[in-house]
Amino acid sequence: MHFFTELRRRPSLKRLILVAGLSIAALVPRAAHAEALLVVEADTGKVLQAENATYPWYPASVTKMMTTYVTLKAVKDGRISLDTLLTVSPTAAAQSPSKMGFRPGIQVTVDNALKMMMVKSANDMAVVLAEGVGGSIDGFSVMMNETAQRLGMTQTSYVNPNGLPADGQITSARDLAILARAIIRDLPEYEYFVHIPSIRYGRRVTQNFNKLIGRFPGADGFKTGFICASGYNLVASATRNGKRLIAVVLGSSSGRMRAVRAAQLLERGFANNNLTWLRPALGTVDNLVPIDASPPNLRDEMCGGKRKRPASDEDEDTVASNSSGSGNGETGVTFFTAGLQPPVLKPSEMLAAAPSPSEPVIVYTGPTKTGPALIAALAVDSEKQTPRRGTKGHTAAKKPAATADAKTAAKDVKSDKRVSVTIDPNVPIRPAGAKHAGVKPEAAAAKPAEKPVVAAKPAKPRTAAKPRHLPKNSTTGDAKPAADQKTAAAPRT
């Protein structure tokens, strides 16, 4: 009380504090590119912080929040059920990664498709749901846009259900906060889908790309997204002491940094801030005034130059950011806006830790299963999956060299396996066995089972002992076909 009394008596002290605050903020390096930030109270919609919150933005995979909302509204209204079987179409199977990769004709339930879409960010499952609920991608997009208008998302338009690049697919941080509030308000019985820590399909376990889940205290939703044009997006929520906040981060420089930004926003919102009198009232999220502009295109920053372009949100951690050091964004602004109370644990340290242990949710193909049938389905799906790299000790000797196919050879080359091969001089050398990484010439020239009959003056035979001397364009096998095989074996992005 004495502090505030002094402020009223001495206006110069108030000016001094304001100047000091501005000086601290001025020392903080600005982000190298545009970013939209927003944090609101879930129940009231009160805005606690907003930066570029009404600037149009490419949503990327946070689009799947609307796909989830429209689908679960159809479930709640009784038009479909979570057990409804949907079929993977050729269109769904042809979607770019991230995806489950199911063949056309495979069936999944609405329940499993939602889990795969929200945790793995599976683009094919988004299309499966769209076609199952709306009849087609276009039909479902109409439903998405009608829902957006009804909810007051005036800056949003949808063209597809997964957020892959498309003209006209636009949103804003404001609209995404409105959508998150609608999911919490209208679908409380299905909210589980927005905070599943991980899923297991067969042998594969996929962690939720939202790094706050299982790491940030109280984290309980929602969705990540990335395309080159948008940068790294995240809508996140957390609850502490009965208070739930929603944070939106658009255009961050990496998957890690979007999580750090969201953690900072949430932490500030939960903190007891004694300097709120320095901030003007921002009203509610619905009343934020939209900006009439074109979305920023961050393609050059995200995917240009020497930066490795990720195939999808699934590959987010393969992208190294020059501005993603552990201290970025966690100095002056955080210190000042958090009421001169630095956090006990930096968000970067918190998010670097392993997530809290949890049992992966099992997902599978086919009708709904429980008990022994679910266990059997998991075993069948596991059996169908072939490990990308064979177990140690696995060699091509399990197949005759003359019948080993190019795909097997490419895998062995990639994993640098030692291969023991017996060569029959009467059988031409095939490209599949012509070049194996790590194969010694002595191994390739092992003795044949039977000694061949040698003519009096035989022509000098071409043996496998020196395969590297074969002509570059020889059809008997050389480095070039092996390289072609490796290229063909690489996954399409």
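Everything quoted here is computed from the prediction, not taken from an experiment.

Moving on, we get to the overall build of the protein chain. Assigned secondary structure in the protein chain consists of 17 helices and 10 strands. Here the protein chain displays about 25,400 Å² of accessible surface, and carbon together with sulfur accounts for 56% of that area.

Where a protein is soluble and globular, its nonpolar side chains tend to be buried together. Membership of the largest hydrophobic core comes to 77 residues, with the highest contact counts inside it found for L38, M66, F102, M125, L179, V235 and V248. Per element, the largest residue contribution to this core is 9 residues, and it comes from helix 8 (residues 173-186). Contact partners of M66, with chain neighbours within four places excluded, come to M144, T147, A148, L151, M153, Y158 and L179. Grouped together as the second largest cluster of nonpolar side chains are 17 residues, L212, L234, A247 and A259 included.

Before going further, it helps to spend a moment on the packing of helix 3 (residues 64-76) against helix 6 (residues 123-134). Where helix 3 meets helix 6, the axes come as close as 10 Å, and the angle between the chain directions of the two elements is 35 degrees. For the pair helix 3 and helix 6, the sense of crossing is left-handed. The segment helix 3 lies against helix 6, with K64, T67, T71 and A74 engaging N123, A126, L129 and V133. Of the residues contributing to the contact of helix 3 with helix 6, the split by class is 4 nonpolar, 3 polar and 1 charged.

Structurally, a disulfide amounts to a covalent bond that connects the sulfur atoms of two cysteines. Under the criterion given, the structure shown has 1 disulfide. Paired by a disulfide, C228 and C303 hold their sulfur atoms 1.9 Å apart. An S-S torsion of about -95 degrees defines the bridge between C228 and C303 as left-handed. Taken together, the residues C228 in the loop between strand 7 (219-227) and strand 8 (231-240) and C303 in helix 10 (residues 299-303) connect sequence positions 75 residues apart.

Let us now look at the sheet that holds strand 10 (residues 361-362). One open sheet accounts for 3 strands, arranged 6-5-10; its pairing is mixed. Edge positions in the open sheet fall to strand 6 (204-207) and strand 10, since each of these has one partner strand only. Where strand 5 (residues 198-201) meets strand 10, 2 bridges bridge the pair, whose relative direction is parallel. Residue R200 lies in a different strand from strand 10, and its bridge partner there is I362. The sheet contacts of helix 5 (residues 110-120) involve strand 5, strand 6 and strand 10, and relative to strand 5 the element is tilted by about 120 degrees.

Moving on: the pairing of strand 9 (residues 243-252). Most of strand 9 is tucked away, with 9 of its 10 residues classed as buried. Pairing of strand 1 (residues 36-41) with strand 9 involves 6 bridges; the strand directions are antiparallel. Opposite A36, over in strand 9, you have L250 as the bridge partner. When strand 8 meets strand 9, the two strands line up antiparallel, connected through 8 bridges. Bridging across to strand 9, L234 finds its partner in V249. Here strand 8 hands over to strand 9 after 2 residues, with N241 in that stretch at a positive phi of 50 degrees.

Here we take up the sheet that holds strand 1. Taken together, 5 strands build an open sheet; the order of strands is 2-1-9-8-7 and the sheet is antiparallel. Of all strands in the sheet, those bounded by a partner on one side alone are strand 2 (47-51) and strand 7. Direction aside, the axes of adjacent strands within the sheet are offset by 10 degrees on average.

For the rest of this paragraph, the subject is the confidence of the model for the protein chain. Averaged over every residue, the pLDDT of the protein chain is 74; residues scoring 70 or more account for 60%. Note on residues 17-32: pLDDT under 50 across the span, and 10 contacts to partners over four residues away in sequence or across chains. A low-confidence stretch, residues 463-493 stays under pLDDT 50, and its non-local contacts, those more than four residues away or across chains, total 43 contacts.

A turn of α-helix holds 3.6 residues, and therefore any two residues three or four places apart point the same way. Over its 12 residues, helix 6 extends 16 Å from the first C-alpha to the last, a length consistent with the 16 Å expected when each residue adds 1.5 Å. Burial analysis of helix 6 places 9 of its 12 residues in the buried class, the great majority of the element. Residues of helix 6 that are buried include every one of N123, D124, M125, A126, V127, V128, L129, A130 and V133, and no others. Residues of helix 6 that are buried make contact with helix 3, strand 3 (85-87), helix 4 (90-93), strand 4 (107-109), helix 5 and helix 7 (137-151). Within two residues after helix 6, G135 carries a phi angle of roughly 85 degrees, on the positive side.

For the rest of this paragraph, the subject is the environment of S141. Considering the arrangement of structural elements, one finds S141 in helix 7. When the C-alpha atoms of S141 and V70 are compared, they prove to be 10.0 Å apart, with 71 residues separating the residues in sequence. If near-sequence neighbours (up to four positions away) are discounted, S141 is found in contact with Y158, V159 and N160.

Rules used throughout
Residues numbered from 1 in each chain as written. Predicted model: local features only at pLDDT ≥ 70, side-chain atom pairs only at ≥ 80, totals over all residues. Heavy atoms only, no water. Helix = DSSP H or I, 4+ residues; strand = E, 2+ residues; numbered from the N terminus. Areas by Shrake-Rupley, 256 points an atom, 1.4 Å probe, with all protein chains shown as cover. Core = buried A, V, L, I, M, F, W, Y, C linked by side-chain atoms within 4.5 Å. Buried < 20%, exposed > 50% of the residue type's maximum accessible area, 1.4 Å probe, protein only. Contact = heavy atoms within 4.5 Å. Axes fitted to C-alpha atoms, helices over the stretch in contact; angles between N-to-C directions. Left-handed = near helix turned anticlockwise from the far one by under 90°. Nonpolar A, V, L, I, M, F, W, Y, C, P; charged D, E, K, R; others polar. Disulfide = S-S within 2.5 Å. Pairing = 2+ DSSP bridges. pLDDT = per-residue confidence, 0-100. Expected span 1.5 Å × (residues − 1).

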